[in-house]
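Secondary and tertiary structure notes
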Amino acid sequence: MTTRLTVAQALVRFLAAQYTERDGVRQRLISATWGIFGHGNVAGLGQALVEYGDEMPFHQGRNEQSMVHAAVGYARQSGRLSTHAVTTSIGPGATNLVTGAALATINHLPVLLLPGDTFATRVADPVLQQLEVPYAGDISVNDCLRPVSKYFDRVTRPEALIPAALQAVRVLTDPVETGAVTLALPQDVQAEAYDWPEEFFAERTWTVRRPGADPTELAEAVHAIRGARRPLLVAGGGVHHSRAEEALAEFAAATGIPVASTQAGKGSLRHDHPQDVGGIGHTGTATANELARQADLVIGVGTRYTDFTTASGTLFAGDGVRFLNLNIAPYDGHKLAGMPLVADARSGLTELTEALQLHAHRVPDVYVDEYTLDKERWEQRVDACYEADEPDIRPTQPQVLGALDALVDESDVIINAAGSLPGDLHKLWRARSRDQYHLEYGYSCMGYEIPAAIGVKMAAPDRNVWALVGDGTYLMMPTEIVTAVQEGIAIKLLLIQNHGYASIGGLSETVGGERFGTAYRYQSDDGTYTGAPLPVDLAANAASLGMRVLRAKTVRDLRAALETARAADTPTCVYVETETADTVSGPPPAQAWWDVPVAETATRASAVKARELYERHVSTRRRHL
């Protein structure tokens with residue numbers, strides 16, 4: 001039996017019939033499609049989504065990049081078991097996908113991209129927005145998506161859709177390979193009809209695997225842990241992707257091994273779990289980083305060991321330190337010359353706990369007492385940062401976080417990605433649930449927060465979802481506020497105005513750049529941006545896009561505004577001005593180094609001093625072989 005449909009119609013029907021299943025839970029893989037229509041997709045996918053609107057919900061976006069961010073936020077909140085598709089026209093609509101695709105792939109989060117493409121038949125050549133490449137007739141702007149996609153195919157014939165669609169779904173549901181998947185769809189092929197076998201539209205359930213550990217690798221891992229005097233576990237984003245939080249809590253409680261977390265892994269343990277020692281690396285806590293410097297065994301679970309985590313190769317400084325890497329991806333399992341334990345995080349942790357309990361293994365009490373006391377000292381520093389003795393003055397950024405921390409419970413979700421906030425949050429935030437702390441720091445993409453909050457709220461409509469945004473990030477991509485208003489998605493936007501790029505301004509100062517070009521101010525006569533702050537009213541901008549805006553001038557105002565926003569059932573923004581970007585934000589300084597090369601020759605004193613400090617740090621770097 002066959003059914004005659006266009007390629008676009010067949011694709012929509014196929015996607016509506018794809019499901020995932022893990023641990024007995026079954027759900028739609030592609031639960032909706034985002035789109036902005038143009039001549040590359042309006043007659044194909046646009047018509048198909050009208051034709052089959054009862055099978056495939058549609059959401060209207062304002063920016064192609066932000067549509068991907070919304071889909072990624074939805075996918076992360078859904079445990080990578082469900083995501084959205086994104087369709088665009090050819091040309092700039094398609095190239096706007098590249099940043100979002102890179103973010104999805106770097107963070108191992110599934111999203112399906114369906115950009116329109118130029119005519120496969122080339123009857124109209126060149127068409128509007130077509131890139132002409134004199135040496136190759138088969139290249140279009142969509143080829144920009146190849147290096148940032150985990151799977152890419154261009155469907156130039158109707159029958160080619162069948163293997164391409166199946167391969168696309170295979171990658172989307174693979175816990176190792178998942179990321180951005182791109183099917184480039186020439187606009188003439190989208191509208192072309194074909195006789196499709198009915199089997200193509202049958203429901204398919206894709207099992208998301210939980211592979212266990214190899215017995216030999218497991219035995220070696222147990223031996224290494226039993227032989228360690230000062231082990232430290234580093235929890236990465238793979239703990240969340242695997243839903244391994246309970247297994248990690250049981251492992252930590254049974255062994256007494258302290259657990260530090262990367263940005264992606266924070267919340268793997270509740271902040272008040274006895275073995276949680278906070279964030280690790282450049283933006284981490286003093287407690288976790290001191291343990292890392294003295295560790296003789298580092299147990300990485302679901303982490304990629306980015307330069308922020310390793311302090312650019314300077315953090316794990318103990319003599320003879322070794323690495324044991326529990327990771328579902330062999331590539332990550334072998335990093336830092338570590339012993340690989342290739343397995344799903346939950347399966348691997350469960351097997352480790354059971355094996356170690358056979359030996360009644362637990363770290364010495366003196367080690368537990370040491371990190372427990374250090375953690376208490378760090379919490380006192382957090383309290384000091386959050387405390388606001390004078391409620392009628394303008395708050396610091398940590399005091400803004402403290403006001404939010406005092407209000408939320410474990411049901412709230414906090415979203416951030418870039419600027420000075422990730423550093424403050426990693427050090428200070430007290431995560432209360434496995435998915436409260438939603439930091440996109442694999443790509444640290446400005447503009448992610450607002451659309452991602454929409455995606456998270458779609459996946460968890462009963463949760464309070466907060467997008468924490470600085471002024472620099474807000475100006476990058478506020479457009480999806482309109483989408484939230486249009487669809488009644490009651491996200492909460494905490495908009496912090498500090499008049500510039502606070503994070504990069506601080507970094508610029510440390511590397512001899514003197515905060516050049518990082519403040520939002522008028523230009524001075526010498527060409528620097530050191531004049532008066534710009535008269536930009538971001539609160540008025542958010543209100544003009546349809547959002548309810550609450551302005552807070554003091555700590556007291558802020559507390560009241562946050563409480564009102566949390567209770568609101570419409571999209572609501574809390575706007576607060578903190579100190580300017582050329583002043584200190586108030587949190588404890590970095591507890592570990594980060595390698596940003598400094599000019600080797602310079603005449604300005606700031607750069608000369610920065611280079612001297614840089615060379616001292618570089619001398620402590622080590623390669624783990």
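Residues numbered from 1 in each chain as written. Predicted model: local features only at pLDDT ≥ 70, side-chain atom pairs only at ≥ 80, totals over all residues. Heavy atoms only, no water.

Let's shift gears to the overall build of the chain. Helices and strands together make up the secondary structure of the chain, namely 24 helices and 23 strands. Over its C-alpha atoms the chain spans a radius of gyration of 25 Å, differing by no more than 12% from the 25 Å that the globule rule assigns to 625 residues. On the principal axes, the C-alpha backbone points of the chain span a range of 70 × 70 × 55 Å. Counting across all 625 residues of the chain, residues that qualify as buried make up 59%. Here the contacts in the chain between residues at least 6 apart in sequence split such that 76% fall between residues at least 24 apart. Accessible surface for the chain amounts to roughly 24600 Å². Of this, 52% is attributable to carbon and sulfur atoms. Positive and negative side-chain charges in the chain, numbering 55 and 75 respectively, have mean positions lying 2 Å apart. (Helix = DSSP H or I, 4+ residues; strand = E, 2+ residues; numbered from the N terminus. Rg over C-alpha atoms; globule rule 2.2 N^0.38 Å. Buried < 20%, exposed > 50% of the residue type's maximum accessible area, 1.4 Å probe, protein only. Contact = heavy atoms within 4.5 Å. Areas by Shrake-Rupley, 256 points an atom, 1.4 Å probe, with all protein chains shown as cover. Lys, Arg positive; Asp, Glu negative; His and termini not counted. Charge placed at Lys NZ, Arg CZ, Asp CG, Glu CD.)

Ordered by their spatial adjacency, three strands build an open sheet running S3-S2-S11, and the pairing between neighbours is mixed. Edge positions in the open sheet fall to strand S3 (25–28) and strand S11 (204–207), since each of these has one partner strand only. Each neighbouring strand pair of the sheet contributes to a mean axis angle of 30°, computed without reference to strand direction. Note: strand S2 (residues 18–22) against S11, four bridges, orientation parallel. Of the residues in S11, the one forming a bridge with glutamine 18 is arginine 204. Contacts between helix H1 (residues 7–16) and the sheet are confined to S2, S3 and S11, with S2 contributing the most and set at about 20° to the helix. (Pairing = 2+ DSSP bridges. Axes fitted to C-alpha atoms, helices over the stretch in contact; angles between N-to-C directions.)

Taken across its six residues, strand S4 (residues 30–35) has six buried, putting it largely inside the fold. Across five bridges, S4 lies against strand S6 (residues 83–88) in parallel orientation. Opposite tryptophan 34, over in S6, you have valine 86 as the bridge partner. As paired elements, S4 and strand S5 (residues 58–60) share three bridges and run parallel to each other. Across the sheet, the residue bridging to tryptophan 34 is histidine 59, located in S5.

Now for the sheet that holds strand S7 (residues 111–117). Spatially, the six strands line up as an open sheet ordered S5-S4-S6-S7-S9-S8, and their pairing is parallel. Since the sheet does not close on itself, it has two edges, and those belong to S5 and strand S8 (151–154), each with one partner. Taken over all neighbouring pairs, the strand axes of this sheet differ in orientation by 20° on average, direction set aside. Where helix H3 (residues 64–77) meets the sheet, it contacts S4, S6 and S7, and its direction lies at approximately 170° from that of S6.

Let us now look at the packing of aromatic side chains. Applying the stated rule across the entire model yields twelve aromatic pairs. With centroids separated by 4.9 Å and ring planes inclined at 70°, the aromatic side chains of tyrosine 194 and tryptophan 196 adopt a geometry described as edge-to-face. Between the aromatic rings of tyrosine 305 and phenylalanine 323, the centroid separation amounts to 5.9 Å while the plane-to-plane angle is 85°, which identifies the pairing as edge-to-face. One end of the pair, tyrosine 305, is in the loop between strand S15 (297–301) and helix H12 (307–310); the other, phenylalanine 323, is in strand S16 (residues 322–327), and 18 residues separate them in sequence. An identical accessibility class is assigned to tyrosine 305 and phenylalanine 323; each is buried. By way of ring pairs, the aromatic residues Phe14, Tyr194, Trp196, Phe200 and Phe201 are connected into one cluster. The ring of phenylalanine 201 has arginine 13 lying over it, and the distance from NZ or CZ to the ring centre is 4.3 Å. (Phe/Tyr/Trp six-rings, centres within 6.5 Å; stacked < 30°, edge-to-face > 60°. Lys NZ or Arg CZ within 6 Å of the ring centre and 35° of its normal.)

What follows deals with the packing of helix H16 (residues 397–407) against helix H17 (residues 421–428). Contact geometry for H16 and H17: axes closest at 11 Å, N-to-C directions at 55°. As far as their axial angle goes, H17 and H16 are oblique. Handedness of the H16/H17 crossing: right-handed. Contacts between H16 and H17 involve Gln397, Pro398 and Leu401 from the former and Leu421, Asp424, Leu425 and Leu428 from the latter. Looking at the contact of H16 with H17 residue by residue, the classes come out as five nonpolar, one polar and one charged. (Parallel < 35°, antiparallel > 145°, perpendicular 65-115°, else oblique. Left-handed = near helix turned anticlockwise from the far one by under 90°. Nonpolar A, V, L, I, M, F, W, Y, C, P; charged D, E, K, R; others polar.)

This part takes up the environment of tyrosine 19. Locating tyrosine 19 in the fold gives a position in strand S2. Other than its neighbours up to four places away in sequence, tyrosine 19 contacts Arg26, Gln27, Arg28, Leu29, Glu203, Arg204, Thr205 and Trp206.

Structurally, serine 524 can be placed in the loop between helix H21 (502–510) and helix H22 (538–544). Given a relative accessible area of 23%, serine 524 falls into the partly exposed group. Filtering out sequence-adjacent residues up to four positions away, serine 524 remains in contact with Thr530 and Gly531.

Within the span of helix H10 (residues 245–255), buried status applies to Glu245, Ala247, Leu248, Phe251, Ala252 and Thr255. Take H10 and look down its axis: the buried residues cluster within an arc of 160°, on one side only. Among the exposed residues of H10, those pointing more than 90 degrees away from its buried face are Glu246 and Glu250. Tucked into the core, H10 has its buried residues touching helix H8 (215–227), strand S12 (231–235), helix H9 (237–241), strand S13 (259–261) and helix H14 (345–358). At the exit of H10 stands glycine 256, carrying a positive phi of roughly 75°. (Arc of directions from axis to C-beta.)

H14 packs onto H8 with a crossing angle of 60° between their chain directions and a minimal axis gap of 10 Å. Comparing the axis directions of H8 and H14 gives the class oblique. Crossing of H8 against H14: the hand is right-handed. Taking contact as the criterion, the partners of Leu218, Ala221, Val222, Ile225 and Arg226 in H8 are, on H14, Glu351, Leu352, Ala355 and Leu356. Residues belonging to the contact of H8 with H14 are distributed by class as follows: seven nonpolar, no polar and two charged.

So, about a nonpolar patch on the surface. Nonpolar side chains collect at one region of the surface, where Phe37, Val42 and Phe58 lie side by side and expose about 240 Å² of accessible area between them. Its place among the elements puts phenylalanine 58 in strand S5. When its relative accessible area of 32% is taken as the criterion, phenylalanine 58 is described as partly exposed. (Patch = residues over 30% accessible without salt bridge, like charges linked within 9 Å, V, L, I, M, F, W, Y side chains within 5 Å. Salt bridge = Lys/Arg side-chain N within 4 Å of Asp/Glu carboxyl O.)

On to unusual backbone geometry. Cis geometry marks the peptide bond from aspartate 125 to proline 126, where omega comes out at 0°. Residue placement: proline 126 occurs in the loop between S7 and S8. We note that histidine 108 has phi near 55°; this positive angle belongs to a residue other than glycine. Mapped onto the fold, histidine 108 is located in the loop between helix H5 (97–106) and S7. Residue arginine 515 is not a glycine yet carries a positive backbone phi of 60°. Take arginine 515: it is sitting in the loop between H21 and H22. Arginine 515 gets classed as buried once you look at its relative accessible area, which sits at 17%.

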